[in-house]
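Residue strings, one per chain:
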Amino acid sequence: MIKFIIALLIGLMSFVSTSEATKSDVYRDAFRNKSFTLKYEIITPPVHKTNRSGVLKYGNILNPVVFTGNESIKYSGIIVVDGNNKYVETASKKDGDEKTAAGICKLTKNNEIFNFYWDIKKGNQRYYSNSAGLFGGKTTSVRAEDGSTVDPYRAMFQEYNYGSPTLIKALFVIMPADKIVEVPSMPKYKFFGSTTLDNGLTCEDYYSNSGDKFYVARYYFDGDKLIKIATASYTKRDGVIADYEKSVIGITEFSFTPEQKYLSLPEGLKDKTKRDKKGASK
């Protein structure tokens, strides 16, 4: 990844802006049209390296920890968007140990928001409400939050909340700029160029440079199919790279058709939402 950054730095010296159509455009349209199914796995978890404290990795999504690298946590997720209906699942497990698998899920449908999670018991995936049971244990009874009561400011951030900060950073390239609530730390990517690798895959490179912060992203394609995203960033202080961060995400599926089975509560959960006569949750 560092070689990749250096190569882009050299290339940027002779960079000429272009409006060339890219393979990423159809994926950007999917976000703009709010119609897609995305499944992914984090191949290289976020690794943040500094000139002081070495390497810091981020742990299990249910129990965030700082660990030494001996533990091997695998991350994955599912995102389904169909108009204003959306399903987001973020899962993790220790490599090779299915018993540690767990996932956090949020279903937004018909202006209602359901929060639940799953884990693995005796080889079976079972779903539970985020709410504690009568005596603080697990419960399969889920109640929706009324999405219409969410204030507009929070709603703007929720639209592009896809569960994993690592994934969101990688998707900044194809998220329509006019649909995102910008913050100062957000990269504003520009297309740099494309190349074909020896194995036949093609790549599209993007960069963002703001002050002393530099970002690069590489999108890998097999034909027109997006299969992987690599990102890296670093800060330059007094002419020296002070720290950098990198990650790699595998795209296991990106369909332009929302997979409808995810847009309903999974089997085993009981909807106990109280609604008024007009059907609105309360």
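Everything quoted here is computed from the prediction, not taken from an experiment. Along each chain, residues carry numbers from 1 onward, in the same order as the chain's sequence is written. Since the coordinates come from a predicted model, pLDDT governs what is reported: local features require at least 70, and pairs of side-chain atoms require 80 or more to be given and counted, while whole-chain, interface and lining totals use all residues. Water and hydrogen atoms play no part in the side-chain values, which are based on all heavy atoms of the structure.

Would you mind showing me how to read the overall build of the protein chain here?
Secondary structure follows DSSP: runs of H or I at least 4 residues long count as helices, runs of E at least 2 residues long count as strands, and numbering of each begins at the N terminus. Helix and strand counts for the protein chain stand at four helices and 16 strands. In the protein chain, once contacts between residues fewer than 6 apart in sequence are set aside, the share between residues at least 24 apart is 52%. What sets the accessible areas is the Shrake-Rupley method with a 1.4 Å probe; for residues, cover comes only from the shown protein chains. Surface summary for the protein chain: the accessible area is close to 15,800 Å², and the carbon and sulfur share equals 51%. Contacts are assigned to residue pairs with any non-hydrogen atoms lying within 4.5 Å of each other.

What is the right way to look at the environment of Asp-25 in this model?
Among the structural elements, Asp-25 can be located in helix α2 (residues 25–33). Accessible area is worked out with a 1.4 Å probe on protein chains only. A residue is then buried under 20% of its type maximum, exposed over 50%, and partly exposed in between. Here Asp-25 falls in the partly exposed class, since its relative accessible area comes to 27%. As for Asp-25 and Ile-174, which are separated by 149 residues in sequence, their C-alpha atoms are 7.4 Å apart. Looking at Asp-25, its side chain comes within polar contact range of the side chain of Arg-28, at 2.8 Å. N or O atoms closer than or at 3.5 Å make up a polar contact, with two conditions inside protein: a donor-capable atom paired with an acceptor-capable one, and, for residues adjacent in sequence, both atoms drawn from side chains.

Honestly, the confidence of the model for the protein chain in this entry has me stumped. Any pointers?
For any part of a model where pLDDT is low, the fine detail of the predicted coordinates should not be relied upon. Every residue carries a pLDDT, the predictor's confidence in it, which falls somewhere between 0 and 100. In this model, the protein chain carries an average pLDDT of 79, and 73% of its residues clear a pLDDT of 70 or more. Element-level pLDDT for the protein chain is lowest in strand β3 (residues 66–67), with a mean of 36, against a maximum mean of 94 in α2. Note that pLDDT drops below 50 for residues 9–19; the model gives that stretch ten contacts with residues more than four away or on any other chain. In the predicted structure, residues 51–70 sits below a pLDDT of 50 and forms 36 contacts with residues beyond four places in sequence or in another chain.

It is not clear to me how the side chain of Thr-37 should be interpreted in this structure. Could you clarify?
Along the chain, the position of Thr-37 falls in strand β1 (residues 35–50). Within the structure, the side chain of Thr-37 is placed 2.8 Å from the backbone oxygen of Thr-257, a separation counted as a polar contact. In this view, Thr-37 contacts Ile-79, Val-80, Glu-253, Phe-254, Ser-255, Thr-257, Pro-258 and Glu-259; residues no more than four positions away in its chain are not counted.

Honestly, the packing of aromatic side chains in this entry has me stumped. Any pointers?
Each aromatic ring pair is specified by the distance between its two centres and by the angle formed by the two planes. Planes of paired rings set the category: under 30 degrees apart is stacked, over 60 is edge-to-face and the rest tilted, where pairs are Phe, Tyr or Trp rings (Trp by its six-membered ring) whose centres lie within 6.5 Å. For the structure shown, the criterion picks out 16 aromatic pairs. Between Tyr-206 and Tyr-219, the ring centres sit 5.9 Å apart and the planes meet at 65°, which makes this aromatic pair edge-to-face. Of this pair, Tyr-206 sits in strand β12 (residues 202–210) while Tyr-219 sits in strand β13 (residues 213–222); the two residues are 13 residues apart in sequence, bridging distant segments of the chain. With respect to class, Tyr-206 is no different from Tyr-219; both count as buried. Through pairs of rings, three or more aromatic residues link up here, namely Tyr-27, Phe-31, Phe-36, Tyr-162, Phe-221, Phe-254 and Phe-256.

Quick question: what am I supposed to make of the pattern of salt bridges here?
Pairing is possible between side chains of opposite charge, provided their charged atoms come close. A pair is scored as a salt bridge if a Lys or Arg side-chain nitrogen falls within 4 Å of a carboxyl oxygen belonging to Asp or Glu. For the coordinates displayed, the defined rule picks out eleven salt bridges. The shortest N-O distance in the salt bridge between Glu-253 and Lys-39 comes to 3.5 Å. In this pair, Glu-253 is assigned in strand β15 (residues 240–255) and Lys-39 in strand β1, connecting sequence segments 214 residues apart. Judged by relative accessible area, Glu-253 falls into the partly exposed class, the value being 26%. Through salt bridges with shared partners, one network takes in Lys-39, Glu-253, Glu-259 and Lys-261.

Is there a simple way to think about the nonpolar core in this case?
A general tendency of soluble globular proteins is for nonpolar side chains to be buried together. Grouping buried Ala, Val, Leu, Ile, Met, Phe, Trp, Tyr and Cys residues that are joined through side-chain atoms within 4.5 Å yields what is termed a nonpolar core. One finds Phe-31, Phe-36, Tyr-162, Leu-171 and Phe-254 to be the most contacted residues of the largest nonpolar core, which totals 35 residues. Counting only elements with at least two residues in this core, the list comes to α2, β1, β4 (73–82), α4 (165–171), β13, β14 (225–237) and β15. For Phe-254, the contacting residues outside a window of four places in its chain are Tyr-27, Ala-30, Phe-31, Phe-36, Thr-37, Leu-38, Ile-174 and Leu-226. Formed by 17 residues, the second largest nonpolar core is a distinct cluster that contains Ala-101, Leu-107, Val-142 and Leu-269.

I tried to follow α2 on my own but got confused; where do I start?
Side chains that are three or four residues apart share a direction in an α-helix, a result of its 3.6 residues per turn. Regarding α2, the residues found buried are Tyr-27, Arg-28, Ala-30 and Phe-31. The buried residues of α2 occupy one face: seen down the axis, they fall within an arc of 150°. The directions from the helix axis to the C-beta atoms are what the arc is built from.

How should a positive patch on the surface be read in this particular structure?
Patch membership requires over 30% relative accessible area and the absence of a salt bridge. Like charges are linked within 9 Å, and nonpolar side chains (Val, Leu, Ile, Met, Phe, Trp, Tyr) within 5 Å. Residues scored as positive are Lys and Arg, those scored as negative are Asp and Glu, and His as well as the terminal groups of each chain are ignored. To locate a charge, take NZ of a lysine, CZ of an arginine, CG of an aspartate or CD of a glutamate. Taken together, the side chains of Arg-143, Lys-270, Lys-272 and Lys-274 present a region of like positive charge at the surface. Lys-272 sits in the partly exposed class, given a relative accessible area of 40%.

Help me understand unusual backbone geometry, please; the structure alone is not making it clear to me.
Trans is the prevailing form of peptide bonds, just as negative phi is the prevailing case for residues other than glycine. Unlike most non-glycine residues, Lys-34 shows phi in positive territory, near 55°. In this structure, Lys-34 sits in the loop between α2 and β1. Although it is not a glycine, Asn-110 adopts a positive phi angle of roughly 50°. Note on placement: Asn-110 falls in the loop between β6 (97–109) and β7 (112–121).

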